[in-house]
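Structural overview for review
Chain by chain, the residues:
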Amino acid sequence: MVGHLTPFVDLLPVPPRRVIKKPTRLTVRLETVTHSFHRDLPPSRVWAYDGHLPGPTIEVERGSGVEMQWENRLSGPLPVLVTRAPIHAEDGVPVQCLPGRSGGALDPNAAALSGYAVVHLHGALTQATSDGWTENLIAPGQDALDSYQNDQRAALLWYHDHVMGITRFNVYAGLAGLWIVRDARERELELPEGPPYELPLLLADRNFDTASDGSLTGELVHKTDPDVMECFSPFTTVNGVIWPRVDVEPTTYRFRVLNGSNARTYRLVLTREGQPDQERITQIGSDGGLLVAPARIPLQGLVLASAERADILIDFSDLGLGTELTLWNNAAAPFNGAFADPSTAGRPDLEGLLPYPEVLLFRVIDGRRGGRRPPAVLATDFQRTDRGDLNGCVVRAIALVEQESNRQGQPSTLTMRELAQEGATDEPVITLVEAGAGQPGQISRWRTVATRFEDKTNFFPMLGQPEIWRLINLTGDTHPIHVHLDAFQVLSRQPAVVEIPDGGITDTDTSATVRIGQEADDHIPHSLDENELGLKDTVRVNANEVVDILVRFETFAGRYMYHCHILEHEDHDMMRPFVVMPGELMPFM
């Protein structure tokens, strides 16, 4: 028994599919239902799309427009106990690792939530009116009609709630589902499509309340403490089930993997007989669809922060019947990007808030035998842009900042601080010192012009024009930054030494010196992994790091947003708007 639950006894459930070949209109209802997370657990009350957790997987042919009627029929209260536990350990175990509330005080404001919702199709190239603007919410009993063109590369997207200030609670309650775009190029490759050889894996960590005898009640618990504002729950679910098992035939399977957790990063390591067995995994796609060529996953494992996706093939063809392989998570929380030896997979890490590293078990059964390698060339519609071709394009800078609360017992505020380049100035600035090859470092100074979501809009990218967005991490954690609308290319990931003076971070100003290219002694690999060279919509920005991304909005204009996809950070104001404008309107702005 692990955590009062038996691992790997439940078979992996596959969400119901809705396959769409031509333009159509669908209705999906947001409902309050009960769901079984594990056979040893009582049923849990959840909020779900069409009564399923995860919601139904929508599979759409490229170019087949879908009108989605979202019917909010949620009934309150919120099916999650929201609590902030005191800082302590019980028998040496941090309270965040423990099931239940651990003496934390319930949040009466969260208990009063009745089911306001708004749906965002994450990764979709869609018009602004259907992007799920965080304040365009609908109450229980109300409906919303969104239009999704699906005219984009084949890729795994996902839909989830995006309500201002409470996204972390609504997604945790169950409001998430998968959306797959198919196209002709992908079919030319003869990849597995649909069950049984193509399976979605939606990973999410969850916690449950305990009764007086210590048994789990099945009631969901969102637990934080004043020191760790994120919710890092002890149990990993896959497609809504804790530690399931997949019975696989000795052939090649395709897995569409999504990290749907609020905050937890997964570093997935596959083992056989206690040893890493990662060579049988090949990654063929990321957030924005197929890579140019197949990629091996990094030595340390497949790293997925919140909202990141991976399209992978696993070859079981050489294995005998009854062989078992285990998928583990060995990423500590909070995650900062530090390297971990894959041989440590399977070991609990209480200090890293990882009491149960189990994720999934594969067991080989009788069936079709024979592996298939993917072709050497996957994508023919995407080539990486050379940095030298971007001379003269607009550069925008954003600092990722954590500001300690001045109210006792309240969590820190995390913000995305938009910056404007300044010359010599007496105002507080972020000074970037960027070393060139054999040349003195270039120095630039950047003044803070926005810190909160509701501050005035500063970013007005022009339709069709490339821009470089520079993400400067001034915090000690990894932040997965998601840009709505078009996918982007990650240009570079560079180490940086960050110096913040006392009092350098205030409500309106930011002072720091960031030495880009200077290595910090942090054991973090500050370079792009091979599987990050495709198109992305979410990028990890590790501690002591500066990441440059190439954004280009090609089709739709209007108001969108970008934010950290750690939902507790997003809800605590780590989110900003931008407006894509046609060039012909810019003279009138």
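An account of the accompanying structure is given in this report. Nothing here was measured: the structure is a model prediction, and the numbers come from that model.

**Digging into the nonpolar core**
Ranked by size, the top nonpolar core spans 50 residues in total, and within it W70, L78 and W179 carry the most contacts. If you tally residues by element for this core, the top one is strand β3 (residues 44–49), at four residues. If you look at the next biggest cluster of nonpolar residues, it comprises 37 residues, including V228, M229, L353 and F578.

**A closer look at the pattern of salt bridges**
In this structure the tally under the stated criterion is 48 salt bridges. Note that D247 and R245 form a salt bridge whose closest N and O atoms lie 3.0 Å from each other. Judged by relative accessible area, which is 13%, R245 ranks as buried. Here D311 ties to R254 by a salt bridge, and the two come within 2.7 Å at their closest N and O atoms. Here R254 lies in strand β20 (residues 252–259) and D311 lies in strand β26 (residues 309–315), a separation of 57 residues in the sequence. Each member of the pair D311 and R254 is classed as buried. Linked by salt bridges that have partners in common, R17, K21, E59, E61, R182, E186, R187, E193, E198, R254, R256 and D311 make up one network.

**A word on the sheet that holds strand β16 (residues 216–224)**
Here we have four strands laid out as an open sheet, ordered β9-β6-β16-β15, and mixed in their pairing. Lying at the two open borders of the sheet, with one neighbouring strand each, are β9 (105–106) and β15 (208–210). Of the pairings in the sheet, the one linking strand β6 (residues 80–84) to β16 comprises five bridges and is parallel in character. Its bridge partner lying in β16, R84 is registered against T224.

**Considering unusual backbone geometry**
Cis geometry is found at the peptide bond from L53 to P54, where omega equals 0°. Position of P54 relative to the elements: it lies in the loop between β3 and β4 (55–61). Looking along the chain, the bond that leaves A333 and enters P334 is cis, with omega of -10°. As for its position among the elements, P334 is in the loop between β27 (324–329) and β28 (358–364). Notably, D573 is not glycine yet its phi reads approximately 90°, a positive angle. Along the chain, the position of D573 falls in the loop between α4 (567–571) and β41 (575–580). Assessed through its relative accessible area of 14%, D573 is described here as buried.

**Here we look at empty space enclosed by the protein**
One pass over the structure, following the stated rule, counts ten cavities of 30 Å³ or more. As a volume, the largest cavity reaches approximately 120 Å³. L53, G174, L202, A204 and R206 are the residues nearest the centre of the largest cavity, which is lined by 14 residues in total. Of all the secondary-structure elements, those providing two or more residues to the lining of the largest cavity are α2 (167–172) and β14 (198–206).

Criteria and thresholds
- Residues numbered from 1 in each chain as written.
- Predicted model: local features only at pLDDT ≥ 70, side-chain atom pairs only at ≥ 80, totals over all residues.
- Heavy atoms only, no water.
- Core = buried A, V, L, I, M, F, W, Y, C linked by side-chain atoms within 4.5 Å.
- Buried < 20%, exposed > 50% of the residue type's maximum accessible area, 1.4 Å probe, protein only.
- Helix = DSSP H or I, 4+ residues; strand = E, 2+ residues; numbered from the N terminus.
- Salt bridge = Lys/Arg side-chain N within 4 Å of Asp/Glu carboxyl O.
- Pairing = 2+ DSSP bridges.
- 1 Å grid on protein atoms, 1.4 Å probe; cavity = no way out; pocket = protein on both sides within 12 Å on 5 of 7 lines; lining within 4 Å.
- Points joined across faces, edges and corners; volume = space filled by probe spheres on them.

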